[in-house]
Each structure stands twice: as C-alpha cells, then as structure tokens.
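Structural characterization, general
If you want the building blocks of each chain, they are given just below.
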Amino acid sequence: MYNISKGKKFRVYFAGFALFLLSVSLLMLEIMFTRVSKVSFGNDFQFILISSAILSIGLGGIFVYFFYESLISRDNYDRTLQISIILYLFLLLTPFFALHYLSNPQLLAKILFFTLTFFVYLVWGVCAGIIFTVYVKRIHLIYFFSMAGSAIGVFLAIFLLDIFGMEKTIISVFALSFLPLFLIDFSKKPYVKNLLFLAGLFIAFLVALSYFLPVFSIVCPNQTKPIFSETNSFSQIDTYKLQDGIPYFSTGFGQLPQDVNIYEMKIDCIGTTTFVEFKPKKMEFLEGSLKYLPYTIKDYTNSLIIGSGAGLEVVMSVHAGNGKVTAVEINPLIIDRAQELAKGNRSLNIYNHNSVKLLIGEARNFLLKSPDKYDLIYLPGSKRYGGAGVSSYAFLENYLYTEEALKSYLGHLDEDGLFAVADINWFITRYIENWVLAMDELGIGFKNKVVLVKGDTYSLVIFKKIAFTDEEITKINEDSQKIGLTTLLLRPENLRKFKLNRIDITDNRPFYWNTYSVYSQDYNIDQDPDLTFKNMQFISIKYLFILFFIIAAVLIVAFAVPFLLYKNEYRNDLLKYLFYFFFIGIGFIMLELALIHKFTIFVENPVYALSVVLSTILLFSGIGSYFASKLYNESKFLVYCATIVLVIIMALYIPFLTYIFASFSHFNVVFKIFLSILLIALPSFFMGMFFPFGLKRVGKYSNRWVPWMWGINGIASTFGGVLSMIMSLIFGFNVALITGAVCYIFAVIALKK
C-alpha cells in the first residue's frame, strides 16, 4: 500500500481534486459520445453508452485488483497514475476522430467507436480505482470530490454545447483532462513537465484548426455536405437546399415555383423539418399535400401547431387564410436557422408574419399554463428524438402522445374543434389504438369522432369531441380522393382493424413505439384485416434481455473468479460485502434513471431534466458521503436509518410527485428547477452514504478488496440500468423507483449477515 508520507497530509486533497477534474471530464465525454453516436448512427445509443461506461469503469476496478502489487503496493502510485492519465488523454479523442473519418461503412464505424469508448472508460476506471484504493481511509472525502466533479461535468457540457457547439466543447474536454497531471507529484520526473508543455501546444493547435477545418464534425450517413451544420445541447441541425421539392409527406404537391427556395433541416440525422420561403402568391403547390388536409375542412380563428419545426405547417395555415396561429417548437436551433435563412428579407420567414405567434418551449407545459381554447390543434409528426434506444424508436419515450397528453389537448379544444396528427402509418395506428381507449375513459367515446385519412406511407388521423357532421365527412372524402387518399370513419365495428393491445401509454410508461411489433419483417400490417396477438411480440425487450444476460455473465465472472482464487479467513465477510456493493449498485442506478424520467415533463425540457436530475443526484450523493463521515464512526446504525428514510421517501414520491407536479405546473421554469433540486436532493443525500461506508469497512480487511468492490459496484450498476429499463417498459417508472429503493434494503440485509 502506498504510504502518504509525513508532511504531505494535504496530498489527499490534491488527489481528490485530480479525481474531481477527471470526473468532470468523464461526464462531459459521456454526453459528447451520446450526441455524436446519435448523429452518426441514426439511432439513439444513450442507453448502450451509459451501460458501456459503467461496465468499463467497473472492469477498470477489477483490473486494479488483479494487478494490485505492480500498480500500487510497490510505492509507485504516482508513476502508475500519471501513466494512466496520459493513456486516458491519448484515447479520449480517438472515438471522435473515428466517426469523423470513418462514417462508412456503418458496421465498422460502430465497432470501432464502441471499442474505443470502452477503453476510454476502462482507463478512467483504473485511475479512479487507484485513487480510491490509496486513499481509502479518506474515502468519504474522495467520493465527494468524484460525485461533485460528475455533477459539474453535466452542467458544463450542456453550457459549452449551447455556447460553442460540439467541436470546441470536445477540445475543452481534452484541455480540462490535462489538469489532473499538475496535481500528481512529478518533481523527480521532468519528462512530465515537458509533456505538459507539448500538450499545451497541441491544444492550441486544435483550437486554431477548429476555426478552419471541421476536425470533429459528423456528417450524416449517405448525405452530401450540408450548407450549414450547427449543434447545441439538444441536437445537431444540418441544412440542405432542396432542388426537387419536399421529400417527406409530399403526396400531391404541385409544381414547385422556380423562385421559391426550400431547405431541409435534418435533426440529428433522424428527424426532418422543412423551411419554405413564404411568398403569399406562390404557395398553391402546398394545397395537394396530405399535411394540408386539416386546413381544408373548415375555417379556423385560433389554431395551435405543436412541434412546428422550420414552419412548413405554419405556412400552410397562413396560406389557407386561417386567423391567429400559435406555433410551439422546443428546439431554438431550428428557429435560429430559419431566421438566418430569411435574413435578407424577414417576410420570407413565416414566423415573422403578423398572424403567427411563436413560442420556444415544450408543448405540454405550454398548454398547462395557457388558458386559451383552439378550434384546431395540429401535431404534424413531432417526435422528441432524445430517448434511450438500441434500435430505431425502441426505447424512445415521448410525452406528446400519452393519455395525459390527449386529455390536455382535448381540454384546450373548442367544442366543435379538431385535433389532427400526421405521421407514418404504423405510428398513426399506435395513436389510434391508445387514444380511442382514452376517449372512452374520459366519457367522450369515439364513435363517429375519429377519421383516418390513409396514404401508402403516411396518414392523417383527426379527432373531435363531438361527432363529425355529414358535411365535414363529405368534405374530407372529396379532398382526400383528389390526392389519391382513402378515408375511414372509426366505429366500433371496424375497430378490429387496429391491434388494441390494452396496454395504456401514460406519462408513467411513455414508450410509445416500443409496445408491439410483428415477428416477420415481411409481414404487412396494412394487409391483415384482423390483427391478433399471435402476430405480435414485445420488441426491445429481446434486445434488453440479450444485454441483461451478457452483463449477468460478466458479473458472475467478476464475482466468482477473484473469490475462488482468494484464500483467506475473511472469505465469509468478503462475500457479504460483494452482495452489499452489488445491491447498492443496482439501487443507485435504478433510482437515478427513474427520477430522470419522472422529472422530464415537469422541468419542461429533456436536456434540462437530464442535467438538473443527474447533477443533483451526483452532487448531493457526494455531500451525503462527506457528512456521513462526520455523523458516525463506521457504525451500521446510520446506514440502517438511511435505508429506512430512503424507502419512505420513494414510497411517498410515487403518489405525491404527480400531485406536486400538477400543483406547481403553472410556475416558471426557474422555480420548477429549484423545486426539482429540493425534491431530488433529499433522497440523493442518503443514497450517497452507502458506497463510501462500505469501502471504508472493506479497507479494514484488505486494501486490495477496494478496487474489486468498486468494480463489482460498477458492473452491478450496468446490470441495474438494464433491469430498470425492462421494468419501466413493462410496469412503468413507479415500479422501477420502488424496486431501486428495495435494493437498498437487500444491501443492509446482506451487510447484517
């Protein structure tokens, strides 16, 4: 064991601050990796990356355990840590270079990217494992530094992304990661000073280069170079000028005017929104579009467009001669680019029209605060591409399409108003099957109140609170037939055309596109006149279970191999601590993930929700760790008390969070963030007591156990993340929340034996 020499009692603070900086760097990298993988691969790999990160960090701890003698015990702690940090610095840019220079073929890019990120996390885990092991007697302080750094890293990444964009934020992470080397003793190693000088020159070179060449930019697969590419914490927007018309929802578009410019904005290489220069006398080509149909049914005096994007549907509304139009869009980067495209002539941007009111924000929260009623509420295929998925849409949560969302829409709809949604056919089927049940529950019913306008790929569904009139049905039929579409007025007798799965899609379980899929990719859902459960299966669950069993196998090996090789009279004590760290690893991540989801709607923005919840959990867990060392002297009593308090808090949060959110939904976002911090800080304070308590007690048996327990905790957290997703998909976030709390009960039971 490395001995902290007399006269260097402050070394623990230098080591703690070094781990603080490394933790800031790692959390920033995690957010960067999530963003670039989403853009590069067309799917959201947030869940995979989080799991990979925790697993790799845990394996880093296992590595320190197996090579304990050579890494730490021979009084070479400084050299080992320096080499590990330098290796971390060498590796951390490689995943970005891999995606920049190797976007195709996709499979090779994915393999290389995830392999490189795995080694980045692994080396970081080695660094942290060394520091935890050397300073195990001050583990509460070290753990506080680690958690506080992680919390700062989340906020700093989002702040820098919004200010500087992706490339300069990546360079900032690289520069920040050099600072820990200054805190390690290298008085006898002048080569490190030279290395730092060269590193400074390299950082300056990267900064200068980023102004002239996009060294870290990511181009969408199978796309030409965009005329503009911008990033913020929410998304990457790539803008292309279209030559041949509007490619999406384009059924029936007329001949495009020669002097009307049209731009397509790709959102994270997945979503698409279209900017059309607004020239009032040249918009007739829009009238043949599927998306234009809602505007032909009747005249509207006050309409609301949710997820208005770059403004195509707003152009349609103004062109149709409707009155006031309120447009709500959550992504400010899209709005900024729309303004830039019309910079020379502001009237070309529909958002500058005097009948249009633009609001940048989340639609559900806008409606909670708005007293207005609308005669048309229109959702033109708006999706929040920001969930956590393994395959397209697999775990994509979306709070715009839940039962609570429908109730909000209908509550703001005039008695004779229309609520319309345009989207891909399969998605439309999902909306219908869930919302007709919700209409029944509301006492509205759905007979003669739902019309489906069906195209080959895209469809439109229109809801009313009262039955459609014969004149409205005739109008819809005539306008649909003109552009080659068919209509269906939904009645109980033709409801069998839709696969009613009887699983409610609510705010507690908002995974809209995850519920069912067909077994065969060749199966055509539109050709089956009587869809039944025999054709359906849970998708995504199979991906999760594959990952679940892989991590379980890794966990068993991490448990068994060192345990079987370890011959000591303390083997029984070792076993109980293995289970202790296993359960607190599962419990912590399950509570963390569930709380992030629970606060997403309340905080009004998914990025804000992630940053507020994650930062608060990490920071106050660190504070709980620090104060725990002051409150008890290695007694189990406080841990038992913390478990009881934590379980009670989670049990109360399940029924009362919904009430609290409803009561304060009309307040501004600053107050909501402050209230969220208070609500999350309370359980987080107690969650932070368990890990350092266990490590300090383990250190009394053997310092070599410390990195092993650190590794088991990390791998168990990965296991818990998968388990949390499975439970959330099947049972909802509330069950995942209480399961995470129960894991802490099992942890103290294991400790007691």
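Keep in mind that what you see is a predicted model, and the values were worked out from it rather than measured.

Buried together is how nonpolar side chains tend to be arranged in soluble globular proteins. In this structure, F132, F581 and F599 are the most contacted members of the largest nonpolar core, which totals 164 residues. Of the residues forming this core, the biggest block, 18 residues, is contributed by helix α1 (residues 11-41). Counting residues in each nonpolar core, the second largest holds 42 residues, with L286, L293, V314 and L376 among its members.

The next point concerns helix α11 (residues 312-319). Where burial is concerned, most of α11 is hidden: eight out of the eight residues are buried. Of all the residues in α11, the buried ones are L312, E313, V314, V315, M316, S317, V318 and H319. As for α11, its buried residues are in contact with β4 (271-276), α10 (294-297), β5 (302-306), β6 (324-329), β7 (356-360) and β8 (374-379). Downstream of α11 by one or two residues, G321 has phi in the positive range, about 85°.

This part takes up the pattern of salt bridges. Counting across every chain of the model gives 14 salt bridges. In this structure, the salt-bridge partner of K279 is E277, at a minimum N-O distance of 3.9 Å. Across the salt bridge formed by D507 and R364, the nearest N and O atoms sit 2.8 Å from each other. Of this pair, D507 sits in the loop between β12 (486-489) and β13 (517-518) while R364 sits in helix α13 (residues 363-369), and the two are 143 residues apart along the sequence. Of the residues examined, D507 reaches a relative accessible area of 21% and is grouped as partly exposed. Put simply, K298, D416, K464 and E472 are held in one network by salt bridges that share partners.

Tracing the backbone through its elements, the reader meets T487 in strand β12. For T487, a relative accessible area of 29% translates into the label partly exposed. Distance in space between the C-alpha atoms of T487 and V453 is 4.5 Å, their sequence separation being 34 residues. Leaving out residues up to four positions away in the same chain, T487 has contacts with L452, V453, I476, N477 and S480.

In spatial order, the strands read β1-β2-β3-β4; together these four strands make up an open sheet with antiparallel pairing. The sheet terminates laterally at β1 (228-231) and β4, the two strands that pair on one side only. Sheet twist, expressed as the average angle between the axes of neighbouring strands with direction ignored, equals 20°. As judged from the four bridges shared by β1 and strand β2 (residues 236-241), these two strands associate in the antiparallel manner. In the sheet register, F228 faces β2, and the bridge partner there is T239.

What counts, and where the lines are drawn
Residues numbered from 1 in each chain as written. Predicted model: local features only at pLDDT ≥ 70, side-chain atom pairs only at ≥ 80, totals over all residues. Heavy atoms only, no water. Core = buried A, V, L, I, M, F, W, Y, C linked by side-chain atoms within 4.5 Å. Buried < 20%, exposed > 50% of the residue type's maximum accessible area, 1.4 Å probe, protein only. Helix = DSSP H or I, 4+ residues; strand = E, 2+ residues; numbered from the N terminus. Contact = heavy atoms within 4.5 Å. Salt bridge = Lys/Arg side-chain N within 4 Å of Asp/Glu carboxyl O. Pairing = 2+ DSSP bridges. Axes fitted to C-alpha atoms, helices over the stretch in contact; angles between N-to-C directions.

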